[in-house]
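Survey of secondary and tertiary structure
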Amino acid sequence: MIENNLFDRLDRHGLVMAIWSPAAFLAAALLHKGVTAGGGAWWIGAGFGVLILGFAGHVIVNAVLKTRFTAGETALGLVTFAVGIVALLVTVLVAPSETVERVVLPVGLGLVSLVMAVIAYLVIAFGPRGAFERFDVIRDNNLRPASRLPHRGGRR
Amino acid sequence: MTPLLHSLLVLVALYGLYFAARTARVGGPPGEFADGGANLPGWAVMFLLPGLAVAGLGVERHFTLVGRFGLQASHVSAGLVLVAIAALLVWNRLWMATRVAGLFTPGEALGRFYDSVALRVVVMGLTVLFALPFAGHILSSVSVLLEAATEGLIPRAAGVWMIAIALAIPAIVGGWRATIMTLAMYSVLLALLMPGLTVLTEITATGPGFPTQPIGVADGILWDRIPGVLQNSAGIGKAMPPGGIFTAAAISSSAVALLGIVFSPAVLYLGQTAPAGRGLGVSTVWLLAGLVAGGFVLGGPVLAARMSDGPLALAGSLFEVEPLAGAGLLLLMMIGGLLAVSFFVTGGSILITRELVLTYLFPKLGARQARLGHRISLGLAFFFVALSASFAPLICAVGASVALPLSVQLLPAVLGLTFLRVISRGGVMAGLSIGCLIVVFTEPLGLILFESLFVELPWGRWPLTIHSAVWGLAFNLAFVLLSSAATLRSPDRFQRDRLHDAVEAALPPRQTGGRGLLWSLMLLWGFLAYGPGAILGNSFFSEPIFTDRSADLGVPSLWVWQILFWLLGVLLVWWFAYRVGLGRTSAERIKPITLGEPEKRRTPDWLAAGLERVVKKAS
């Protein structure tokens, strides 16, 4: 796919939204059922399962269209994840102990499973070294010309 | 539940508006407003085709019928496999013909291939039928459900106008491309909600459901059996066949009627504006025949058994368990309707504008003016569909009843364009005339008119439990074959041969072996899955014919039969798509030709004179 073509970018955006909109609705229903009274860990697990399926769908889209996650998508994902963590922390601090006992462990495990899914994607897509290099900002700060040599691990 | 349902519907509307605005902001050439540059997103077409097939079946209607007649009605959903095969056969060759001869609309394709203006008019008539009464009837049904779900807060008429406006704005702003992208999401939502809600309902329900408990049908209806191959019944409205209306003949003919969705002008246009690639194979094999047909065959009876008191009652009990699930069930019932209304009105308006307004009334318009024309026409089309749905729901219902069976009557014409070059213009017109007449007189439209004006007819709707689509098609095909046999050497054959030769030359090399086996298996499968052989499924697994003993399956034998032949059907669709090669389109080997004389884009004199008179009066 040619990333510069505006229609191609719109088409990709449409496909990603077509996958995430129904998946987000299903996940919201399952998670809501899980965290409210009468729910339970299985519902929360199913909710996170749908989110991971949505993520897998997004990865497949990237693979088929030969694209990567856009900056906006990455930012939205990180913000949503951060909101999830904050919500979990607030629940621990504010909610009744019965709710905390019922909700915190499955939601925490669900959030961890999301992180694992992202790590698995990075390792599969870029390899262990490539995945690490995406976060390795220290090496990029090495301004010596020798750091550009391949046998020194230079990649700039 | 009302605020939640409103919020979901508003989100769905905003989704359409968002993509329309994004498409408009990208700012493609104005000429692409009506066809997306004949290069729509492949994924969108891939997802949308199954959604359209479901819209043809009708989600709420299907569940109501299964709740009323049991597994015999559910058998019709296996007809989605037949829709997948028809889509493969027709779309592939039509796509090629579109590129080879520059035939950009279904009316243009059929009209120029057969050199017949009458055929163009017929296609235009069908377009209007789908865009007005068919879409109007669905719009009215969705609004009735909305009124009931909101306990009268949104009356039916208000619902009609609100939905029409919500669907019209994205179409007017974003055109064909934005509409298709939005409807593709509706389709995905439909495909996820159906199995998701079935599973959720079963997990959260208090008592056992299907298959442990039978489907609660009325006394005398055989819920787990097909009531015979054929029944000597005068038809619905005159006599009710014992055991239920869905005999093997009714099931197979209803499946044929479902093909009307594939032959409807807007769906053919969607196929023409699809991009090259392997999307058609994925869409038909895995999504339509696999996921959607499987969802209906497996999950349809399960969900329908829980809806004995109607979808609203089930939505109410689901709402108690999980509010989003209750609202989601109502959304599932409505989203198929919204998809159909948006697609057929937008597609119909675009086709009428291209075929009539831009070709004959204002042939000299530039691309920008043509886009404005499309926008005005879309606004008018949605206005008229809302008007008819709100003030004439009965007329819409009567008109809608003939839309699919009349569309099926295009089958010989489309087959002539795509495969059978011997089918001639005279044959098509003769078959179409007789087929349409028979359809009209075996559906409420003709029956009500004739019986009100003249005398009582001895037959009703679907005589002998055979759907009107097949009554019409049987006579249609007989006339087509006889007339074509008599006109084998007619002079217009030359142009038809040219197109077929060019299309065949453009096809990629493919395996030709196994065709005989494929068609033999297809006939055998059709006989057992839908034909008279389907009746064997009534007791084949519960009372095996090879032994005196009966087997206690715990599920109805007919359900196992349906699942078995659905799976075999998927195999056949896979064969057509991947082994025969119909699931892939490619423009690599295409050498364009000009079919017949170049089209004359001139306003007819009588129209020009009329227009001039109007303009003079106004000035």
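Residues numbered from 1 in each chain as written. Chains lettered and ligands numbered in written order. Predicted model: local features only at pLDDT ≥ 70, side-chain atom pairs only at ≥ 80, totals over all residues.

Observations concerning the overall build of chain B
Along its length, chain B carries 24 helices and 0 strands. What you see for chain B is a C-alpha radius of gyration of 24 Å, in line with the 25 Å of a compact globule of 619 residues. Expressed along its principal axes, the backbone C-alpha trace of chain B runs to roughly 75 × 60 × 55 Å. Within chain B, buried positions represent 55% of all 619 residues. (Helix = DSSP H or I, 4+ residues; strand = E, 2+ residues; numbered from the N terminus. Rg over C-alpha atoms; globule rule 2.2 N^0.38 Å. Buried ≥ 20, exposed ≤ 12 C-beta atoms within 10 Å, placed from the backbone.)

Regarding the overall build of chain A
Counting its secondary structure elements, chain A contains 5 helices and 0 strands. Seen in sequence order, chain A has helices and strands lined up from the N terminus as α-α-α-α-α. In chain A, buried positions account for 22% of the 156 residues. When contacts within chain A are restricted to residue pairs at least 6 apart in sequence, those whose partners lie at least 24 apart make up 49%. (Contact = placed C-beta atoms within 7 Å.)

Quick word on the environment of Thr603(B)
All names here are of chain B. One can find threonine 603 in the loop between helix H23 (557-579) and helix H24 (605-618). What makes threonine 603 partly exposed here is the crowd of 16 C-beta atoms within 10 Å. Along the chain, threonine 603 and proline 363 lie 240 residues apart, while their C-alpha atoms are 6.9 Å from each other.

Topic: the environment of Val422(B)
All names here are of chain B. Tracing the chain through its elements places valine 422 in the loop between helix H17 (411-418) and helix H18 (425-440). For valine 422, a count of 16 C-beta atoms within 10 Å corresponds to the partly exposed category. Distance in space between the C-alpha atoms of valine 422 and aspartate 492 is 11 Å, their sequence separation being 70 residues. Ignoring any residue separated from it by four or fewer positions in sequence, one finds valine 422 in contact with Ser484 and Leu488.

Concerning unusual backbone geometry
Residue Pro211(B) is reached from Phe210(B) by a cis peptide bond, and omega for that bond is 10°. Mapping Pro211(B) onto the fold places it in the loop between helix H8 (156-204) and helix H9 (248-258).

Description of H8(B)
Since the α-helix packs 3.6 residues into each turn, any two residues three or four apart lie on the same face. All names here are of chain B. For H8, with 49 residues, the first-to-last C-alpha span of 32 Å runs short of the 72 Å given by 1.5 Å per residue. The largest bend along H8 measures about 130° and falls at glycine 175. Within H8, 37 of the 49 residues are buried, which leaves it mostly tucked inside the rest of the structure. (Expected span 1.5 Å × (residues − 1). Bend = angle between axes of the 7 residues up to and from the residue.)

Section: the interface of chain B and chain A
With 21 residues of chain B at the interface, the matching set in chain A holds 16 residues. Among the elements that make up the side of chain B that touches chain A, the one with the highest residue count is H8(B) (7 residues). For the side of chain B that touches chain A, the residue count by class is 15 nonpolar, 4 polar and 2 charged. (Nonpolar A, V, L, I, M, F, W, Y, C, P; charged D, E, K, R; others polar.)

A closer look at the environment of Gly49(A)
All names here are of chain A. Mapping glycine 49 onto the fold places it in helix H2 (residues 41-65). The class of glycine 49 is partly exposed, set by 16 C-beta atoms lying within 10 Å. The sequence separation of glycine 49 and glycine 110 amounts to 61 residues, and the corresponding C-alpha distance is 8.3 Å.

Quick look at the nonpolar core
With 230 residues, the main nonpolar core has Leu80(B), Val81(B), Val83(B), Ala135(B), Ala184(B), Val385(B) and Val573(B) as its most contacted residues. Take this core: its biggest share by element is 25 residues, from H8(B). Among all residues touching Ala184(B), those that are not within four sequence positions of it are Ala18(A), Trp43(B), Ala44(B), Phe47(B) and Leu48(B). (Core = buried A, V, L, I, M, F, W, Y, C linked by C-beta atoms within 7 Å.)

So, the confidence of the model for chain A
Of all residues in chain A, 88% have pLDDT values of 70 or greater, and the mean over the chain is 86. In the model of chain A, helix H5 (residues 137-140) of chain A stands out as the element of lowest mean pLDDT, 65, in contrast to H2(A), which has the highest, 94. (pLDDT = per-residue confidence, 0-100.)

Description of the packing of helix H1 (residues 6-35) of chain A against H2(A)
When two helices pack together, their arrangement is given by the angle between the helix axes and the distance between those axes. Residues and elements named next belong to chain A. Contact pair H1 / H2: the axes reach a minimum separation of 7 Å and the direction vectors enclose 170°. Between H1 and H2, the angle is such that the two are roughly antiparallel. Residues that form the contact of H1 with H2 fall into these classes: 18 nonpolar, 5 polar and 2 charged. (Axes fitted to C-alpha atoms, helices over the stretch in contact; angles between N-to-C directions. Parallel < 35°, antiparallel > 145°, perpendicular 65-115°, else oblique.)

Here's the deal with helix H5 (residues 79-101) of chain B
Residue and element names in this part refer to chain B. For H5, which comprises 23 residues, the first-to-last C-alpha distance of 33 Å matches the rise-based estimate of 33 Å (1.5 Å per residue) to within 8%. The buried count for H5 comes to 22 of 23 residues, which makes it a mostly enclosed element. One or two residues past the end of H5 sits glycine 102, with phi positive at roughly 65°.

Regarding the confidence of the model for chain B
Of the residues in chain B, 99% reach a pLDDT of 70 or more, and the chain-wide mean stands at 91. The ipTM assigned to the predicted complex is 0.88, against a pTM of 0.92.

A look at the packing of H5(B) against H17(B)
Residues and elements named next belong to chain B. Their axes nearest at 9 Å, the elements H5 and H17 cross at an angle of 55°. Viewed along their axes, H5 and H17 adopt a mutual orientation that is oblique. Of the two possible hands of crossing, H5 and H17 adopt the one that is left-handed. The residues of H17 that touch H5, namely those facing Val90, Arg93, Leu94 and Ala97, are Val414, Leu417 and Thr418. Looking at the contact of H5 with H17 residue by residue, the classes come out as 5 nonpolar, 1 polar and 1 charged. (Left-handed = near helix turned anticlockwise from the far one by under 90°.)

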